[in-house]
Every structure is written in structure tokens, then in C-alpha cells.
Amino acid sequence: MRILLSVMVLGSLMLAGCAHNRPAQTQAGFASLPSSPYSDAASNQKLIITPETGLTGKVVRVNSTDRFVVLNFPIGHLPVLDERLNVYRLGLKVGEVKVTGPQMDDNVVGDLVAGDANVGDEVRDR
């Protein structure tokens, strides 16, 4: 009798555990994310993502006596000759560079027109 009673209790516990509500399944078989309290307001707006198209590089060498720098840019995104770029250090503008060349691979030389530059400073066209 004890064995029968324990089997019945165990069986009812297993059935109760499997009877809870399951989250809705998506087509891929993953559960959907819970809704956010902001989802009603956000569902009316469309998110627009615009890629950054600006030119960004780094200062890799500085010659302070002759006032020129060597700049490194990502491959395929080099500035044109005579383009003026701003030099930023910790987000603050500290100088201006005019690209004069020569160019070798992803490096290009520029003259310091205003301010100064240190190795590691960021160079941007805006």
C-alpha cells in the first residue's frame, strides 16, 4: 500500500511540474523575449541606423622640430592630398594637419598647420 501511495504522489508531482505554461515558440524554436514596459511606445517608432562615413586615423609618428606627423588609416580609407584633418586628444581638438604625402600602404604624412600632436592622438575629418 505504501508503494502504491508513493508512486501516485510521485506521478502527480511529475504531472504538476509538466503542466505549467510554456512561453510562445518562434519559428526557429526559441522562446520569445518578455515584453518591455516601453514596447508600446517603441513599436510606433522605427529605428534608423546610419553608418559613420567619416575618415578616422591615428598619429603613429611625430617630428615636432620639422612639424610633420605620420598618420595611419584603415586600409582603403585614406585621405586625399591637401585635405585638412583635425587632431583630437581625449576628445578635445588639439591641432590641425594638412595631408601632404608621401603615402606608403596605410600610412600618409601630413604637416602640422596648427596646434600639436602626440603619438596615439586621433585624426578625423570632422
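See the structure above.
Residues numbered from 1 in each chain as written. Predicted model: local features only at pLDDT ≥ 70, side-chain atom pairs only at ≥ 80, totals over all residues. Heavy atoms only, no water.

With that settled, consider the pairing of strand β5 (residues 107–115). Judged from the 5 bridges that link them, strand β2 (residues 68–72) and β5 form a sheet pairing that is antiparallel. Its bridge partner being in β5, phenylalanine 68 is matched across the sheet by aspartate 111. Bridge analysis of strand β4 (residues 92–104) against β5 gives 7 bridges, and the strand direction is antiparallel. Bridge pairing in β5 places glutamate 96 opposite alanine 114. Counting the residues between successive antiparallel strands, the hairpin from β4 to β5 contains 2 residues, one of them, aspartate 105, with a positive phi of roughly 60°. (Pairing = 2+ DSSP bridges. Helix = DSSP H or I, 4+ residues; strand = E, 2+ residues; numbered from the N terminus.)

Scanning the model with the defined rule gives 5 salt bridges in all. Linking arginine 84 and glutamate 96 is a salt bridge whose minimum nitrogen-to-oxygen distance equals 3.3 Å. A residue pair is termed long-range when its members are at least 10 positions apart, and arginine 84 in strand β3 (residues 84–89) and glutamate 96 in strand β4 qualify at 12 residues. By relative accessible area, which is 44% here, arginine 84 ends up partly exposed. The partner of aspartate 121 in a salt bridge is arginine 89, with the nearest N and O atoms 3.1 Å apart. You can see aspartate 121 sitting in the loop between β5 and β6 (122–124) and its partner arginine 89 sitting in strand β3, a full 32 residues away along the chain. Among the residues examined, aspartate 121 registers a relative accessible area of 4% and is labelled buried. (Salt bridge = Lys/Arg side-chain N within 4 Å of Asp/Glu carboxyl O. Buried < 20%, exposed > 50% of the residue type's maximum accessible area, 1.4 Å probe, protein only.)

Sheet strands line up and pair through hydrogen bonds in the backbone, either parallel or antiparallel. Strand order in the closed barrel made by the 6 strands is β1-β2-β5-β4-β3-β6, with antiparallel pairing throughout. Within the sheet, the average angular offset between the axes of one strand and its neighbour, ignoring direction, is 45°. (Axes fitted to C-alpha atoms, helices over the stretch in contact; angles between N-to-C directions.)

A word on a nonpolar patch on the surface. A contiguous nonpolar surface patch, about 410 Å² in accessible area, is contributed by Met1, Leu4 and Met8. Examined against the element boundaries, leucine 4 turns out to sit in helix α1 (residues 2–18). (Patch = residues over 30% accessible without salt bridge, like charges linked within 9 Å, V, L, I, M, F, W, Y side chains within 5 Å. Areas by Shrake-Rupley, 256 points an atom, 1.4 Å probe, with all protein chains shown as cover.)

Per the counting criterion, the structure on display carries 0 aromatic pairs. When the ring centre of tyrosine 88 is taken as origin, the NZ or CZ atom of arginine 124, which lies over that ring, is 3.8 Å away. (Phe/Tyr/Trp six-rings, centres within 6.5 Å; stacked < 30°, edge-to-face > 60°. Lys NZ or Arg CZ within 6 Å of the ring centre and 35° of its normal.)

Further remarks concern the side chain of aspartate 121. Polar side-chain contacts of aspartate 121 include one of 2.7 Å to the backbone nitrogen of asparagine 118. Every residue in contact with aspartate 121, bar those within four places of it in the chain, is listed here: Gly57, Lys58, Val59, Val87, Tyr88, Arg89 and Val94. (Polar contact = N/O pair within 3.5 Å; in protein donor to acceptor, adjacent residues only side chain to side chain. Contact = heavy atoms within 4.5 Å.)

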